[in-house]
Amino acid sequence: MNTSTDKWWIGVLAIVVAVIGGLGIHFMSNPGGTATPPQEKAAASTTEMQAQTPAPSAPTTSATDTPAPQQQTSISPEQAPETQPVAATLSAATSDYGQARRDPIHFKPAIDQATDADCLKCHQEVLDTNTRDTSPAGLKKVNTLAWYQTLDTYEGEQMTFHQRHLTAPFIKKVANMSCTTCHQGNDPRDEVSGTAVDTQTDLTMRKMVDPNTCLMCHGQFPYQNMGLPGPWHESGAAFQNNCLLCHAAIRTTRHKVNFLNAAGIEQEGVANSDSCYGCHGGRAWYRTSFPYPRHPWAGSGGTVPEWAKNRPTESDLRFLIEGSKP
Amino acid sequence: MANEAVPNNPILQDKATIKEAIKRHKKEVYTPVVPEQQFGFIHNNVDCIGCRACEIACKDKNGLPPGPRFRRVMYVEGGTYPAVYAYKVNMSCNHCAEPACLPTCPTGAIYKRKQDGIVDIDSSLCIGCRRCEAACPFGAPQFIPEQNIVSKCNMCVDEIDAGRKPYCVMACMMRVLDIGPIDKLREGNYATKAMAPHEKDKLVRQVKSMADPELTNPSIVFVAHSQGHVDKPKEPQ
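For the structure given in this document, a descriptive report is provided here. Nothing here was measured: the structure is a model prediction, and the numbers come from that model.

Basis of the calculations
Residues numbered from 1 in each chain as written. Chains lettered and ligands numbered in written order. Predicted model: local features only at pLDDT ≥ 70, side-chain atom pairs only at ≥ 80, totals over all residues. Heavy atoms only, no water. Core = buried A, V, L, I, M, F, W, Y, C linked by side-chain atoms within 4.5 Å. Buried < 20%, exposed > 50% of the residue type's maximum accessible area, 1.4 Å probe, protein only. Helix = DSSP H or I, 4+ residues; strand = E, 2+ residues; numbered from the N terminus. Contact = heavy atoms within 4.5 Å. Phe/Tyr/Trp six-rings, centres within 6.5 Å; stacked < 30°, edge-to-face > 60°. Buried area = accessible area lost by both parts, 1.4 Å probe. Salt bridge = Lys/Arg side-chain N within 4 Å of Asp/Glu carboxyl O. Polar contact = N/O pair within 3.5 Å; in protein donor to acceptor, adjacent residues only side chain to side chain.

**Here we look at the nonpolar core**
Part 1: If you look at the biggest cluster of nonpolar residues, it comprises 39 residues, and the most contacted ones within it are Val89, Met91, Val207, Met210 and Phe222 of chain B.
Part 2: Among the elements of the structure, strand S1 (39-44), helix H2 (53-62), strand S2 (72-80), strand S3 (83-91), helix H5 (157-161), helix H6 (167-171), strand S8 (177-181) and strand S10 (220-223) of chain B are those that each provide at least two residues to this core.
Part 3: For this core, the leading source of residues is S3 of chain B, giving 4 residues.
Part 4: Apart from residues no more than four positions distant in its own chain, Met210 of chain B is found in contact with Thr204 and Met205 of chain A together with Met91, Phe138, Arg205, Pro218, Ile220 and Phe222 of chain B.
Part 5: In this structure, Met159, Ala168, Ile171 and Cys214 of chain A belong to the second largest nonpolar core, which totals 29 residues.

**Digging into the packing of aromatic side chains**
Residues and elements named next belong to chain A.
Part 1: Within this structure, the stated rule accounts for 7 aromatic pairs over all chains.
Part 2: Both rings, one in Trp285 and one in Tyr286, keep their centres 6.0 Å apart while their planes meet at 90 degrees; by these two values the pair is edge-to-face. The exposure classification of Trp285 matches that of Tyr286, with both residues buried.
Part 3: Where Phe290 meets Tyr292, the ring centres are 5.2 Å apart and the plane angle is 65 degrees; that geometry is what we call edge-to-face.

**What to know about the interface of chain A and chain B**
Part 1: Between chain A and chain B, the contact holds 56 residues from the first and 69 residues from the second.
Part 2: Contact with chain B buries surface across chain A, with Met205, Arg206 and Arg287 of chain A losing the most and accounting together for 18% of the total.
Part 3: Summed over the shared surface of chain A and chain B, the result is 2 salt bridges.
Part 4: Between Arg287 of chain A and Glu214 of chain B there is a salt bridge, with its nearest N and O atoms 3.5 Å apart.
Part 5: Put simply, chain A and chain B have 20 residue pairs in polar contact (both at pLDDT 80 or more) between them.
Part 6: Contributions of two or more residues to the side of chain A that touches chain B are made by helix H8 (161-166), helix H11 (211-218), helix H13 (232-235) and helix H16 (274-282) of chain A.

**Some words on the side chain of Thr153 of chain A**
All names here are of chain A.
Part 1: Positionally, Thr153 belongs in the loop between helix H7 (125-128) and H8.
Part 2: The class of Thr153 is buried, set by a relative accessible area of 10%.
Part 3: Not counting residues within four places of it along the chain, the set of residues in contact with Thr153 comprises Phe170, Asp274, Ser275 and Arg283.

Below is the structure:
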């Protein structure tokens, strides 16, 4: 007999082993199968992504010595406001970090339609990760205060800046911030934008947020424009530390943008001028002021002052309240 | 805060005194430190080959895990064939004249040195609120999730004190990265291999896609690529 035809069974065995091996790999890589709900799969894939790549922007771990409470400040995806369904296609089943970074939800135009719930499906940890109770050297957070936290509007214990901007009691009174108010996507190619035909042109190098967005509420107090003799901490006493002493009469269209609660701001401003000052110099990060759109008040005359020349007359389109567009 | 009873423990009394002092300083603004001289970086965008040796040297010096990068080399590529281009922008902390990170820190962990203007962070005092990370227009503070703290470039302050240059500069095989007094670097009067004499006119304080330097007055100057120029480079004020 021919020895090569005698060993036909070896070939059959190899095929059977290959088929079984292939099925095994398939089921091991998809343990939930097709019956897994998308959200559970998203959570699973997020955990997997984070385990693979500890990206600075997506922290998942609290310090080992700070078992901080997590429930009080978190927004679950279900609690987050629902609006239009998103055109984005963030695949719930993907476990590929590189692929997730390039999902359409991270780019325009899909990011403009993204709700907080959409973002928090993968990024819930930005709200769940709390500050440390103590610094590595033992400094307790209850004993710490940034200089601008001495404003009357500051209350409660130290929180992360994400929590302060989204879930803190004061921000909820005066603003309707969402993830996309600040975040407008990023370029996976090292956050440099506008260099190729397929990339966004308005991104800031090495930043996830355009600092000009921050400048709206973290700029200097423009006392020169108001004709005040000095910054508010010097000249405020002459005005009884009351912004409305002048601005009750000098009124224009204020705070009519979709990320602010105009009525809430008016209410808080009447109660305490620190509510005004907080965003108009009291929490300044930068050495400049934001050039707000020019809305001359009745009786201001037709002359445009030097500081207001070349200013826009409307806010950025993405901040306009629906129906108020010119 | 003010209504708390004064404790008997002297240490707690000190803390109460500190809190009262903070309250007295209400509405007083942070006054920027004016250093005796300001050190800054110069980077040649054109000659940099993007080897990232500076990044690795930095990570080595600071013992950084994967993820946080105090220094980052950014590849900028674009154009349409045949008019294509590529250059590199290399930034770490820019040790700004008026750093945005500093006043945001609730623990006082961030400080600016009087003698050379270096902005340093004492991470052992950090509670991980990440405000500095949000405030910096140049992405310098880096969150380290394993420790839940923020850390950043301090221009290898120990090397500076020892009379040497930072690890990133020493590791640069192309000599396109250097440090020096920022006023002399801006004027092009500082002897450095990062800039050829004929490149003095190409010095800029801002390149395309970089945040507005007016925000904090960063201590960095670039030899810019022709495609990296912003429309109207601003002079420092």
